[in-house]
Amino acid sequence: MRRKPNGASLDIEKSLFSKNGDDKRPVLITGGAGFIGTNVADRFLSAGHSVIIYDNISRPGVEQNLRWLQETHGSQVQIVVAEMRDAANLRYIVGQVSKVFHFAAQVAVTTSLISPVDDFEINARGTLNLLEAIRSLRNPPPLIFTSTNKVYGHLADVKMQENGDRYEPVDAEFRNNGFSEKRALDFHSPYGCSKGAAEQYVLDYARTFKIPALVFRMSCIYGLHQFGNEDQGWVAHFLIRALEGNPITIYGDGKQVRDILFIEDLVNAFLLAHEHMGELSGKAFNIGGGPDNTISLLELLDLIAEVNGERPEVEFDTWRSADQQYYVSDIRRFSAATGWSPRVGVCEGVTRLYDWLLANRTLSPLDANRVDGKTVSLNEAKQLSIMHSLQQTREPRSKRLWQEAHGNNGIFTPADGRAGR
Ligand SMILES: NC(=O)c1ccc[n+]([C@@H]2O[C@H](COP(=O)([O-])OP(=O)(O)OC[C@H]3O[C@@H](n4cnc5c(N)ncnc54)[C@H](O)[C@@H]3O)[C@@H](O)[C@H]2O)c1
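Residues numbered from 1 in each chain as written. Predicted model: local features only at pLDDT ≥ 70, side-chain atom pairs only at ≥ 80, totals over all residues.

Caption draft 1: Looking closely at the overall build of the protein chain. If you tally the helices and strands in the protein chain, you get 16 helices and 18 strands. Out of the 421 residues belonging to the protein chain, those deemed buried represent 49%. Pairs at least 24 apart in sequence give 82% of the contacts found in the protein chain among residues at least 6 apart. (Helix = DSSP H or I, 4+ residues; strand = E, 2+ residues; numbered from the N terminus. Buried ≥ 20, exposed ≤ 12 C-beta atoms within 10 Å, placed from the backbone. Contact = placed C-beta atoms within 7 Å.)

Have a look at this one:
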């Protein structure tokens, strides 16, 4: 059942996995059912490690990832259906693991604007719960936390110019290299604040309590196993809409530019970060596709037209709060420290995601025109989608569906009595 890790990343794995070869305890991935978590889990499982996934399955669609991980890797993967807000549970789990990837989060700016308190409880308080659990151990496992470029705010001080279908900074330094970690923090949106607070706690726990921990401030990650929707995961969302023959709503003029990073490259960066944890602990790194992998929303539509055979229909709406006209990560600091650089270019990555979606996608869980079986207007659908995800945050419907379909096979929950002691 176990697959071989793909060739491109073997060298990195060899060095990481041989260094940690003695530690047979599982790797903990919070939010491991999600897009990034599933890919990290797959890489460790493929190399023969065991993995504990800690997730409340609130993201619509992610139960498909769990099913796939279980089918591919069997009992090597354990699934804990639980909450980041449950400190006792976290303490129990963290005591059993060799390293921690913390991805579980309320991930959308839009949702954070509707329910800032839930956003804070999950992202900021949830991270603090995890840090406290790690701090309580004599040998704390190393932690990698994924923050966001949103901690740098709107970048309103950076003068922009239009260049065809894209914005770009007037300043050649930013144009050539992107934004470095030296930029002042300027949290925008409740999501920016909760993730920003969380990353500052992670950095301070590394400094004050000597926990081995580092932070990735990430721009747009895309790739296989991503259930992108209008609120998060725009590359996958655009591709899914195009495949469904549905129109895409662009907020703003579509000339916004991002550096996109293919998931395989991100997983390589995580492995290298763990390998270099000794020197890198306590630091934050900007991670993305960098200046070589930038694309505007309008340019992505052109690329989709090439891949899918027709240009998706587009509707325009007003700019969204905290949206940056241009964000590109300056990745030189992490590259210099570890030798990492992205290998998968935009065209290749988008084509690989398109092919995967074509082969694997079932109906989008938040198909904008059909919510809970009813056909509704696009605006109603947007509102309902957000409410739907908030309800799921409180009591995940996907969790019930998953348990109905699979019983407790391979999953343990706090109710089993094995956790939460
Ligand atoms: N994907 C990106 O482009 C991107 C960019 C910047 C930062 N990030 C960060 O990376 C991390 C992973 O992102 P992703 O794209 O894989 O998102 P995702 O939504 O696919 O995965 C997040 C997972 O966390 C789980 N979750 C949510 N709330 C939870 C809670 N209260 N308790 C337990 N589990 C919970 C969800 O069910 C989901 O499986 C997040 O922290 C996100 O903020 C992602």
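Caption draft 2: Main features of the site of the ligand. In the vicinity of the ligand, 29 residues are found, and the nearest of them are Gly31, Gly34, Ile36, Ala104 and Ala105. Listing elements by their share of the shell around the ligand, those giving two or more residues are α2 (35–46), α6 (116–135), β5 (143–148) and β9 (220–222). With three residues, α2 is the largest single contributor of residues to the shell around the ligand. Looking at the shell around the ligand residue by residue, the class counts come to 14 nonpolar, ten polar and five charged. (Near = placed C-beta within 6 Å. Nonpolar A, V, L, I, M, F, W, Y, C, P; charged D, E, K, R; others polar.)

Caption draft 3: A look at the confidence of the model for the protein chain. Counting all residues, the mean pLDDT for the protein chain is 86, and 81% of those residues have values of 70 or more. Across residues 1–10, where pLDDT falls below 50, the model places 17 contacts with residues more than four positions away in sequence or in other chains. pLDDT under 50 marks residues 363–403. Its contacts with residues more than four places away, or in other chains, come to 62 contacts. (pLDDT = per-residue confidence, 0-100.)

Caption draft 4: Quick peek at the environment of Leu155. Following the sequence through the fold, Leu155 ends up in the loop between β5 and β6 (160–163). In the structure, Leu155 is positioned 170 residues away from Gln325 in sequence and 8.4 Å away in space, judged by C-alpha atoms. Ignoring anything within four residues of it in the chain, the contact list for Leu155 reads Gln324 and Tyr327.

Caption draft 5: Structural view of the nonpolar core. Counting 97 residues, the largest nonpolar core has Ile53, Val202 and Val235 as the members making the most contacts within it. The element contributing the most residues to this core is helix α10 (residues 263–275), with eight residues. Setting aside residues up to four positions removed in sequence, Val202 forms contacts with Thr127, Leu131, Leu143, Phe145, Ala213 and Val215. Tyr152, Phe174, Phe179 and Tyr327 belong to the second-largest nonpolar core, a separate cluster that totals eight residues. (Core = buried A, V, L, I, M, F, W, Y, C linked by C-beta atoms within 7 Å.)

Caption draft 6: A look at the packing of helix α4 (residues 87–94) against α6. As a packed pair, α4 and α6 sit with axes 9 Å apart at the nearest point and diverge in direction by 40°. When the axis of α4 is compared with that of α6, the two are oblique. Both α4 and α6 take part in a crossing whose hand is right-handed. Residues Ala87, Leu90, Arg91 and Val94 of α4 lie in contact with α6, whose contacting residues are Asn129, Leu130, Glu132, Ala133 and Ile134. Split by residue class, the contact of α4 with α6 holds six nonpolar, one polar and two charged. (Axes fitted to C-alpha atoms, helices over the stretch in contact; angles between N-to-C directions. Parallel < 35°, antiparallel > 145°, perpendicular 65-115°, else oblique. Left-handed = near helix turned anticlockwise from the far one by under 90°.)

Caption draft 7: Inspection of α10 at higher detail. Compared with an ideal rise of 1.5 Å per residue, which puts 13 residues at 18 Å, α10 spans 19 Å between its outermost C-alpha atoms and is within 8% of the ideal. For α10, the set of buried residues is Ile263, Asp265, Leu266, Val267, Asn268, Ala269, Phe270, Leu271, Leu272, Ala273 and His274. (Expected span 1.5 Å × (residues − 1).)

Caption draft 8: Main features of unusual backbone geometry. Even without a glycine there, the phi angle at Ser189 is positive, about 75°. Within the secondary structure layout, Ser189 lies in helix α8 (residues 189–209). One non-glycine residue, His225, adopts positive backbone phi at about 70°. Note on placement: His225 falls in the loop between β9 and α9 (234–244).

Caption draft 9: Broad picture of the pairing of strand β2 (residues 51–55). The buried count for β2 comes to five of five residues, which makes it a mostly enclosed element. Where burial is concerned, the two faces of β2 agree: the one with Val51, Ile53 and Asp55 and the one with Ile52 and Tyr54 are both buried. Across four bridges, strand β1 (residues 27–30) lies against β2 in parallel orientation. Across the sheet, residue Leu28 finds its bridge partner in β2, namely Ile52. In the classification by handedness, the crossover that spans β1, the intervening α2 and the parallel β2 is right-handed. Across five bridges, the pairing between β2 and strand β3 (residues 77–81) is parallel. (Pairing = 2+ DSSP bridges. Right-handed = clockwise from strand over helix to strand, strands pointing away.)

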